[in-house]
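Listed below are the residues making up each chain.
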Amino acid sequence: MTAQPTDAGPLAQRQLALVDLLDRLLAGGVVITGDLTLRIADVDLVRVDLNALISSVNVDVPSPFEEEESL
């Protein structure tokens, strides 16, 4: 006899494709942060701090890399 899972809420029966999940995340933006330290014999040799904002570009939020056209 197998145990049936209890109702975990409205998301329990919902399936979400990876493409849909990425679309939702990029529409609102994702912030990625992290630290990496290379240490030998308790001596920090290299430290890398990562702070990244990943977001989709649209009409409301234009790309910062495109130059504006001057008239």
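A brief structural summary. Everything quoted here is computed from the prediction, not taken from an experiment.

Criteria and thresholds
Residues numbered from 1 in each chain as written. Predicted model: local features only at pLDDT ≥ 70, side-chain atom pairs only at ≥ 80, totals over all residues. Heavy atoms only, no water. Helix = DSSP H or I, 4+ residues; strand = E, 2+ residues; numbered from the N terminus. Buried < 20%, exposed > 50% of the residue type's maximum accessible area, 1.4 Å probe, protein only. Contact = heavy atoms within 4.5 Å. Areas by Shrake-Rupley, 256 points an atom, 1.4 Å probe, with all protein chains shown as cover. Salt bridge = Lys/Arg side-chain N within 4 Å of Asp/Glu carboxyl O. Pairing = 2+ DSSP bridges. Patch = residues over 30% accessible without salt bridge, like charges linked within 9 Å, V, L, I, M, F, W, Y side chains within 5 Å.

Moving on, we get to the overall build of the chain. Each helix and strand in the chain was counted, giving one helix and two strands. N-terminal to C-terminal, the α/β element order of the chain is α-β-β. By residue count, 1% of the 71 residues in the chain fall in the buried class. Relative to all contacts within the chain whose residues are 6 or more apart in sequence, the contacts with residues 24 or more apart total 20%. On the chain, roughly 7,300 Å² of surface is accessible, and the fraction owed to carbon and sulfur atoms is 57%.

Now for the pattern of salt bridges. For the structure shown, the criterion picks out two salt bridges. The salt bridge involving Arg39 is made with Asp44; its shortest N-O contact spans 2.8 Å. Residues Arg47 and Asp49 are paired through a salt bridge, measuring 3.3 Å at the closest nitrogen-oxygen approach. Judged by relative accessible area, which is 47%, Asp49 ranks as partly exposed.

Our focus in this paragraph is unusual backbone geometry. Even without being a glycine, Ala41 presents a positive backbone phi close to 55 degrees. Inspection of the secondary structure puts Ala41 in the loop between β1 (30–40) and β2 (43–54).

Here the focus is the pairing of β2. Bridge analysis of β1 against β2 gives 11 bridges, and the strand direction is antiparallel. Bridged to Leu36 within β2 is Val48. If you look at the hairpin formed by β1 and β2, you'll find two residues sitting between the two strands, and Ala41 has a positive phi there, around 55 degrees.

A surface patch of nonpolar side chains, about 630 Å² in accessible area, is lined by Leu36, Leu38, Ile40, Val43, Leu45, Val46 and Val48. For the nonpolar patch, the secondary-structure elements that each account for two or more residues are β1 and β2. Top contributing element to the nonpolar patch by residue count: β2, with four residues. By the secondary structure assignment, Leu36 is in strand β1.

Honestly, that's just the spatial picture; any functional story needs more than this.
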